[in-house]
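Tertiary structure, described
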Amino acid sequence: GENVEQHPSTLSVQEGDSAVIKCTYSDSASNYFPWYKQELGKRPQLIIDIRSNVGEKKDQRIAVTLNKTAKHFSLHITETQPEDSAVYFCAASYDKVIFGPGTSLSVIP
Amino acid sequence: NAGVTQTPKFQVLKTGQSMTLQCAQDMNHNSMYWYRQDPGMGLRLIYYSASEGTTDKGEVPNGYNVSRLNKREFSLRLESAAPSQTSVYFCASSGQEPYEQYFGPGTRLTVT
C-alpha cells in the first residue's frame, strides 16, 4: 500500500525566513497531493494541493513542487509569520488519502 | 451548512466496553473517512467509504468496524475497547475524485 514519509519532524525558523518541508511517496499511481495545516486542538485544514499533471503551484506565500519521477513533493513557505506555527501534513492519494507523520513548525518572533 | 459533524466530542471508556462514534456531512460528498491521530504518528486511515454502500479497510482497521448508513452518515464502532485505542478520531468527507477532505472537529477517546 501507499506509504508517505515526511521530513523534518520538527522545524524552527526565525520570523521572515523560509521553511521547507519534504515528502516522498511510494505508490506511483498517486495523482493528488494535498497539504494540511493543523493548529493545536483543531482539525486539519487544506492549505494547498497539487495534481500529478502539474509540477508547481503557488498561492501567495505558499508553494508546492512535485517531482513524479522521483516521487517526492515539497512545501515552501516564504516570509514566515508567527501564525504559521502549526503541524503540517503532506498526503498522497489515488483512491484513498494517506498522510505523512507531520512536521511541527515553530516560527520564532 | 454545518459541514462535517461528529459526536461525541469526548468519551472515556473502560477496557472491554463498546461504543459507536457518529459522523455526518451535509455537503453531498460521496467519500467519507475515519482517521485516528496519535502524537508523532500523524493521521492514520482506519476505514473509508468511496460511496454509499461500500467500505474498505485503511492502514489500521483492526479492532474497528464501520457502517455507511446512507450518503450522509458514516459510523465507527469499537466492539471491545482497548487502551491502545486511546486517540483522537477524525471523520472526513470529500467529493468523488481525489479532492479536498473536510474534517470534523474530532472525538477525543480515552480507554482506561
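Please refer to the structure placed before this passage.
Residues numbered from 1 in each chain as written. Chains lettered and ligands numbered in written order. Predicted model: local features only at pLDDT ≥ 70, side-chain atom pairs only at ≥ 80, totals over all residues. Heavy atoms only, no water.

This part covers the sheet that holds strand β3 (residues 19-25) of chain A. Pairing between the strands of a sheet is mediated by backbone hydrogen bonds and can be parallel or antiparallel. Residue and element names in this part refer to chain A. Strand order in the open sheet formed by five strands is β1-β3-β8-β7-β6, and the pairing between neighbours is antiparallel. Sheet topology places β1 (4-7) and β6 (56-59) at the edges, where each strand pairs with a single neighbour. The sheet shows a mean angle of 15 degrees between the axes of neighbouring strands, taken without regard to direction. Two elements, strand β7 (residues 62-67) and strand β8 (residues 72-77), share six bridges in a ladder whose sense is antiparallel. Paired with Asn-67 across the two strands is His-72, which belongs to β8. (Pairing = 2+ DSSP bridges. Helix = DSSP H or I, 4+ residues; strand = E, 2+ residues; numbered from the N terminus. Axes fitted to C-alpha atoms, helices over the stretch in contact; angles between N-to-C directions.)

Another point: the state of the cysteines. One pass over the full model with this rule turns up two disulfides over all chains. Covalent S-S linkage joins Cys-23 of chain A and Cys-90 of chain A, the inter-sulfur distance amounting to 2.0 Å. Judged by the sign of its S-S torsion, about -100 degrees, the cystine formed by Cys-23 of chain A and Cys-90 of chain A is left-handed. Residue Cys-23 of chain A is located in strand β3, and its partner Cys-90 of chain A is located in strand β9 (residues 86-93); the two are separated by 67 residues in the primary sequence. Here Cys-23 of chain B engages in a disulfide with Cys-91 of chain B; their sulfurs sit 1.8 Å apart. Note on the Cys-23 of chain B and Cys-91 of chain B pair: the S-S dihedral is about -70 degrees, so by sign convention the disulfide is left-handed. With Cys-23 of chain B in strand β3 (residues 19-25) and Cys-91 of chain B in strand β9 (residues 87-94), this pair connects stretches of sequence that are 68 residues apart. Residue Cys-23 of chain B is classed as buried on the basis of its relative accessible area, which comes to 3%. (Disulfide = S-S within 2.5 Å. Buried < 20%, exposed > 50% of the residue type's maximum accessible area, 1.4 Å probe, protein only.)

Here the focus is the packing of aromatic side chains. The full count for this structure, using the stated rule, is 14 aromatic pairs over all chains. Aromatic pair Tyr-33 of chain B and Tyr-35 of chain B: ring centres 6.2 Å apart, planes at 25 degrees, arrangement stacked. In this structure, Tyr-33 of chain B and Tyr-35 of chain B share a single accessibility class: buried. Residues Tyr-35 of chain B and Phe-103 of chain B carry aromatic rings whose centres are separated by 5.8 Å and whose planes lie at 40 degrees to one another, so their mutual orientation is tilted. Of this pair, Tyr-35 of chain B sits in strand β4 (residues 31-38) while Phe-103 of chain B sits in strand β10 (residues 102-103), and the two are 68 residues apart along the sequence. In this structure an aromatic cluster arises from ring pairing among Tyr-36, Phe-89 and Phe-99 of chain A together with Tyr-33, Tyr-35, Tyr-48, Phe-90 and Phe-103 of chain B. (Phe/Tyr/Trp six-rings, centres within 6.5 Å; stacked < 30°, edge-to-face > 60°.)

The subject of this paragraph is the sheet that holds strand β8 (residues 74-78) of chain B. Residues and elements named next belong to chain B. The four strands lie next to each other as β1-β3-β8-β7, forming an open sheet whose pairing is antiparallel. Either end of the sheet is taken by a strand with one partner, and the two such strands are β1 (4-7) and β7 (64-68). On average, each strand axis in the sheet is inclined to that of its neighbour by 15 degrees, with strand direction left out of account. Relative to β8, β3 is paired through three bridges, and the arrangement is antiparallel. By the bridge assignment, Met-19 is partnered in β8 with Leu-78.

Let us now look at the environment of Ile-77 of chain A. Residue and element names in this part refer to chain A. Structurally, Ile-77 can be placed in strand β8. Judged by its relative accessible area of 2%, Ile-77 is buried. Every residue in contact with Ile-77, bar those within four places of it in the chain, is listed here: Asp-17, Ser-18, Ala-19, Arg-61, Ile-62, Asp-84, Tyr-88 and Leu-105. (Contact = heavy atoms within 4.5 Å.)

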